[in-house]
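Structural features, examined
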Amino acid sequence: VYMLKVQLSVLALAGMSLVSTSRAATIVEDFSTNPLQDGWQTFGDTDLFKWNSTNQNLEVTWDSSQFNSYLYHPLGTILTRDDDFSLTFDLQLNQAVAAGFGSELAIGFLNLVEATSTNFNRSTGANSPDLVEFTIFPPTEFSDPTVWPVFADTNSDFNWNGTNDYAIYTPNPGDWYHIVMTYTASNQTMVTTMTNYEQTSGVAIIDPLGLTFNGSPFTDFRVDTVSINSYQDDGLGDSISAQGALDNFAIILPPPPIQNLAGAFRNGVWQVQFSDRTNWVYTLERTSGFGSWGDASDPAVGNGTTLVLQDTNSPAGHAYYRVRANRP
């Protein structure tokens with residue numbers, strides 16, 4: 001949100017929480033310091049995530065006998081199928097054991113409000129909307145070991161193109177692997193690679209968005225958080241217990257939805273002008289004393305060029321303005 005205070009013809013900028021840049025935004029975490037002091041937060045069982053100050057990495061336990069638990073970092077934006085983005089990180093698995101039909105360890109993107117709700121249940125396959133995840137399923141007596149990049153849409157339906165969506169693969173215990181997930185909006189496809197440090201072993205998986213398990217079209221996702229996820233199991237014996245370490249996170253995000261903001265009076269009418277992005281809706285809002293905000297303009301849909309919003313009924317004296325950007 002961008003906020004501005006206007007008094008007569010004097011403009012002051014305040015509270016700018018987005019960086020105005022035409023380049024993509026990047027979140028980088030090498031765990032050289034405690035991640036909880038660097039914007040990361042926890043939900044659920046905090047003992048599953050421990051910063052190793054000596055090795056300068058993150059020790060993680062995935063334990064499906066516990067409640068849903070996350071170490072997460074808000075993105076500061078909302079990603080959908082119309083955005084380019086990528087996630088890279090390093091993973092070392094020291095042990096991973098599954099029972100029954102198994103369960104997964106997961107690292108990726110989620111919708112924080114949905115994932116922390118009491119109704120969210122990854123194990124059912126029907127109550128976990130808005131996910132973009134890298135998952136590993138250890139082998140069980142009923143299933144092979146799989147590496148599986150996962151999409152779940154807003155209806156909790158999972159993307160499904162067939163058996164090419166996953167790879168049969170078991171990471172070597174103790175080896176470090178570099179994982180790269182790159183989603184390209186123009187072809188609606190995620191490309192995922194998992195390669196050991198020696199570059200002698202790994203997998204590559206190409207996942208276009210298409211249909212879901214039930215045969216309906218994959219709709220869309222809304223994710224706003226990068227997260228390391230330990231999910232509660234179904235209580236029917238399908239479980240996972242795994243321990244490992246993570247390092248060198250890098251998330252590349254699209255440019256902010258509001259860039260190059262400027263405001264001025266034009267012919268006695270206060271207006272703001274900024275570079276917008278497609279698939280966002282913008283509204284100019286106004287307040288006199290921060291008690292409440294009201295719309296100062298009608299919502300306008302971004303078209304990827306320059307947008308102008310006007311307050312044609314500005315009050316006498318002073319007012320504060322902000323531009324709000326929402327995903328439809």
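Definitions and cut-offs
Residues numbered from 1 in each chain as written. Predicted model: local features only at pLDDT ≥ 70, side-chain atom pairs only at ≥ 80, totals over all residues. Heavy atoms only, no water. Pairing = 2+ DSSP bridges. Helix = DSSP H or I, 4+ residues; strand = E, 2+ residues; numbered from the N terminus. Buried < 20%, exposed > 50% of the residue type's maximum accessible area, 1.4 Å probe, protein only. Axes fitted to C-alpha atoms, helices over the stretch in contact; angles between N-to-C directions. 1 Å grid on protein atoms, 1.4 Å probe; cavity = no way out; pocket = protein on both sides within 12 Å on 5 of 7 lines; lining within 4 Å. Points joined across faces, edges and corners; volume = space filled by probe spheres on them. Nonpolar A, V, L, I, M, F, W, Y, C, P; charged D, E, K, R; others polar.

**Observations concerning the sheet that holds strand E11 (residues 146-152)**
Across the sheet, which stays open at both edges, the 7 strands sit in the order E4-E7-E16-E9-E10-E11-E12 with antiparallel pairing between neighbours. Strands with a single pairing partner mark the edges of an open sheet, and in this sheet they are strand E4 (41-43) and strand E12 (167-168).

**Details of the pairing of strand E23 (residues 306-311)**
Looking along a regular strand, one sees side chains alternate from face to face of the sheet. Side chains Leu307, Leu309 and Asp311 project from E23 onto a buried face, and the interleaved Thr306, Val308 and Gln310 project onto a face without burial. Sheet topology places strand E19 (residues 269-275) next to E23; 6 bridges connect them, and they run antiparallel. Pairing of Ser275 across the sheet is with Thr306, part of E23.

**Comments concerning the sheet that holds E23**
The 3 strands are arranged E18-E19-E23 in an open sheet whose pairing can be described as antiparallel. At either end of the open sheet lies a strand with only one pairing partner, and these are strand E18 (259-266) and E23. Across the sheet, the axes of successive neighbouring strands diverge by a mean angle of 20°, strand direction being ignored. As paired elements, E18 and E19 share 6 bridges and run antiparallel to each other. Across the sheet, the residue bridging to Phe265 is Trp270, located in E19.

**Regarding the layout of surface pockets**
When its volume is computed, the largest pocket comes out at roughly 600 Å³. Considering the residues around the largest pocket, the lining is formed by 26 residues, among which Phe101, Gly102, Glu104, Phe137 and Trp148 are closest to the centre. Broken down by element, the lining of the largest pocket gets its largest block of residues, 5 residues, from E11. In the lining of the largest pocket, the residues fall into 10 nonpolar, 8 polar and 8 charged.

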